[in-house]
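Structural description and commentary
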Amino acid sequence: MDFDDEGTSVAIAPPGEVARPSAFKAADGLLVSLIKEQRDLTAVERFSQFHREATAPLREWYYTALLPASAPGPGEQLAFEVDLSRCSGCKACVAACHALNGLDDHETWRDVGLLVGGSTALPVIQHVTTACHHCVEPACRNACPVEAYEKDPITGIVRHLDDQCIGCQYCTLACPYDVPKYQPDLGIVRKCDMCADRLRAGEAPACVQACPHEAIRIRVVSCDDARSRAESGEFLPDAFDPSYTTPTTVFLSAAAGDLRAADDGLPRAEHAHPPLTVMLVLTQLAAGGFLLDLLARSAGSPNGVCGAAFLPVCLGLGFVGLGASLAHLGRPQYAYRAILGLRHSWLSREVVALGTFAKAAGAYVAAEMLFADRLASPVWLRPALLATVAVLGAAGVGCSVMVYHAVRRRHWHASIAGWKFAGTAATLSLATAVACLGVSAKVQPTGPIAGRLAIVAAALAAVVAAKLAFEARDLRGDRDDGPLGQAAWLLRGPLRRFVKVRVALGVAGGLLLPIASLAAAYGGLPILAALAGVLSLATATAGEMVERHLFFTAAPKPRMPGGLPS
C-alpha cells in the first residue's frame, strides 16, 4: 500500500499491471453484483423454466394412484370413482375446476351436495361431490338438435362442442343430473369434460388433484357393468333413475341405512322460458285454426269458419310465434343448424315439422288470395290442400309434445302435455273465430254470422271449461308424493297467484266475453260485438300464456342431491 501526493491510498499493483485506487475497486464490485442480479431469473421466469424443462407430469408421484394404470379397452371407458366416506365437503374440487377451466362467476361444473339419514340418536350426514357422469347413453347428446355433443370412442368422455352450440338449452332440460350449464353471456352451454386435455398429457383432472382426501379418482369401468348397475338402480340416493342414461360414476360409501338428499322434498320454481311460451301458444293457435277451418268446410260451410280473414289471422299469429322462438337461442344466427339432429332429437323434428307447416300454410293462404277460382276445380283440390296443411300442423304440435315428453319429467308426460297442447289449439282457434266473426261488417240478429257466432261461442265455452277442469288436476297431491306432488305444492304455494290469474283469464276469455259478443251481435250492436270478440281472443291468449308459464315453472327439475336450504 502506498500514497499519492494528495494522500489517497493506492494499491501496489503486481508486476506488469497498473495500480488502481481502492475506490475504483469498490465500483467494480458494485458493477459485478448488478450484472449478477440481472443475470438471475425472476420468480416467474424460474417457474416457466421449471415447467418447460420438466420431462414428466408434475406431482406425478402424488396422483399416479388416482389414475388408471392402462387405457380403456373394448367395451370400457373412463369414469369418476367417488369415495363418499373420504369427502369432507371442503369444495376444493369445485374451486380447482373453476380456476383451471376459467369458468364465469356463479358457473360450476362440479357441485357438492349433502345426504342425510340415520336416526335422532345417531344421525348420519354424507357429503357428495358430483360432476358430469359421462353416461353410456347421454341424454344431452341424444337431445341436442345441432350435434354439439360427442362421446369419445376410446375414453367414453362426453364432450360439448362450444363452437357448434346454438344455445337452445334443450340439453339442460334433458339431462336429469343438472350437468350442462347455460351461460347467457356466451350464449352457449358448457359442461365438464373430465379435463380431457390433462388426461391426454398424463395429468389428473383438476378436481382429482385438488381433493386433499383423495376422494375422487379416475377409473376404467366396463360399460356392461354400468348398465347392470343402472338397471338394478345402484347409483346414489335421491338421484334420477339411472336406467335412463346409464351414468358411469361409481359412488363408494360406508354409510349404513337409508339416506336422502338434504334438499329432498323442497321443490323450487323453474325457469319460465318466455320465448318458448309464446312460440308454443301461437303455433298451436295456428295449427288449430287450419284444422278448425277444415272441419267447418267438411261440415258444409263453403267459406270455412268465418270467411277469408280467419286463416290469414291464424297464420300471422303463428309466424309471430316462430319468430319469438329465436329469442330463446343464445346464438340465433346459427338457428339453421337445428335440423342436424333429425335422426335422434325431437327438437330437430319439431323445427322441421313446424317449418314445413308454416311454408305450406303460407302457400295455401296465398293461393286462396290469388287463385281462389282455380282451387274450386276440381272440387277435391281445396279440401285436399287444406287437409295437408292441417295434418302438418297437427304433426308440429305432436312433435312439440314429444320434445317435453322425451326428457322424462313426470309433469311433462305426453298424457298431460298432449291434452294441454291440444286444448290450447282448440281454445285459441275458436277464440280467433269469435274475434273474426265479431268484427265482420254485417252482423245482424237473424243473420248467418250471428248464428255461426253462437255455435263457435258455445264450443269455446265447452273447451275452456274442459281444459280448466283438466288443469285443476295439477293441484292435487303433496310434495312428498313425488314430482307430480311437488308440482302441485308449487301451484298451491309459490305460484298460486299465477293459477288465480290463469283461471280468471280463462273464464273471461272463454265464457264471459264470447257471450258478450254474441249478445251484442243479436242486439244489433256490431261495434260492441267486434270489441268483445277481439277482447275474447286477447284474454284467452293471455290465459294460455299464463298456463304455459306454469307448465314450465311448476315442473320440478331432477338434479343431484343438494345442500340444506338456507
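This section reports on the structure supplied with the text. (Residues numbered from 1 in each chain as written. Predicted model: local features only at pLDDT ≥ 70, side-chain atom pairs only at ≥ 80, totals over all residues. Heavy atoms only, no water.)

Here we take up the packing of helix α15 (residues 414-438) against helix α16 (residues 448-472). It is the contact of α15 with α16, at a shortest axis distance of 9 Å, that shows an interaxial angle of 155°. With respect to each other, α15 and α16 are oriented roughly antiparallel. Both α15 and α16 take part in a crossing whose hand is left-handed. When its residues are assigned to classes, the contact of α15 with α16 shows 17 nonpolar, four polar and four charged. (Axes fitted to C-alpha atoms, helices over the stretch in contact; angles between N-to-C directions. Helix = DSSP H or I, 4+ residues; strand = E, 2+ residues; numbered from the N terminus. Parallel < 35°, antiparallel > 145°, perpendicular 65-115°, else oblique. Left-handed = near helix turned anticlockwise from the far one by under 90°. Nonpolar A, V, L, I, M, F, W, Y, C, P; charged D, E, K, R; others polar.)

Here the focus is the nonpolar core. Counting 79 residues, the largest nonpolar core has Tyr 170, Phe 290, Phe 310, Tyr 404 and Trp 412 as its most contacted members. Per-element tally for this core: the top contributor is helix α10 (residues 274-298), with 12 residues. Beyond its immediate stretch of four places on either side in the chain, Tyr 170 contacts Ala 143, Ser 345, Trp 346, Leu 347, Met 402, Val 403, Ala 406 and Val 407. Residues Leu 67, Phe 80, Val 82 and Trp 109 belong to the second largest nonpolar core, which totals 35 residues. (Core = buried A, V, L, I, M, F, W, Y, C linked by side-chain atoms within 4.5 Å. Buried < 20%, exposed > 50% of the residue type's maximum accessible area, 1.4 Å probe, protein only. Contact = heavy atoms within 4.5 Å.)

Together, Asp 238, Asp 264, Asp 478, Asp 480 and Asp 481 line one region of the surface with negative charge. As for its placement among the helices and strands, Asp 481 is situated in the loop between α16 and α17 (483-492). (Patch = residues over 30% accessible without salt bridge, like charges linked within 9 Å, V, L, I, M, F, W, Y side chains within 5 Å. Areas by Shrake-Rupley, 256 points an atom, 1.4 Å probe, with all protein chains shown as cover. Salt bridge = Lys/Arg side-chain N within 4 Å of Asp/Glu carboxyl O. Lys, Arg positive; Asp, Glu negative; His and termini not counted. Charge placed at Lys NZ, Arg CZ, Asp CG, Glu CD.)

The final tally for this structure, using the stated rule, is 21 salt bridges. Ionic pairing is found between Arg 297 and Asp 293, a salt bridge with its closest N-O pair at 3.1 Å. Residue Arg 297 and its partner Asp 293 are located together in helix α10, separated by four residues, close to a single helical turn. For Asp 293, a relative accessible area of 1% translates into the label buried. The shortest N-O distance in the salt bridge between Arg 502 and Glu 544 comes to 2.8 Å. Of this pair, Arg 502 sits in helix α18 (residues 496-522) while Glu 544 sits in helix α19 (residues 526-553), and the two are 42 residues apart along the sequence. The pair Arg 502 / Glu 544 is uniform in exposure class, with both members buried. Overlapping salt bridges bring together Lys 467, Glu 471, Arg 502, Glu 544, Glu 547 and Arg 548 as one network.

What follows deals with the sheet that holds strand β10 (residues 216-222). Strands sit in the order β10-β3-β11 across an open sheet of three strands; the sheet is mixed. A single partner strand is all that each edge strand has here, and the edge strands are β10 and β11 (250-252). Adjacent strand axes in the sheet meet at a mean angle of 35° when their direction is disregarded. Looking at chain direction, strand β3 (residues 76-83) and β11 are connected through three bridges and run parallel. (Pairing = 2+ DSSP bridges.)

The geometry of α16 relative to α18 is characterised by a closest axis approach of 9 Å and an angle of 165° between their N-to-C directions. Comparing their axes, α18 and α16 come out roughly antiparallel. Taken as a pair, α16 and α18 cross one another with a handedness that is left-handed. Each of Ala 450, Gly 451, Leu 453, Ala 454, Ala 457, Leu 460, Ala 461, Val 464, Lys 467, Leu 468 and Glu 471 in α16 lies in contact with α18, whose residues at this interface are Arg 502, Val 503, Gly 506, Val 507, Gly 509, Gly 510, Leu 511, Pro 514, Ser 517, Leu 518, Ala 521 and Tyr 522. Within the contact of α16 with α18, the residues separate by chemical class into 15 nonpolar, five polar and three charged.

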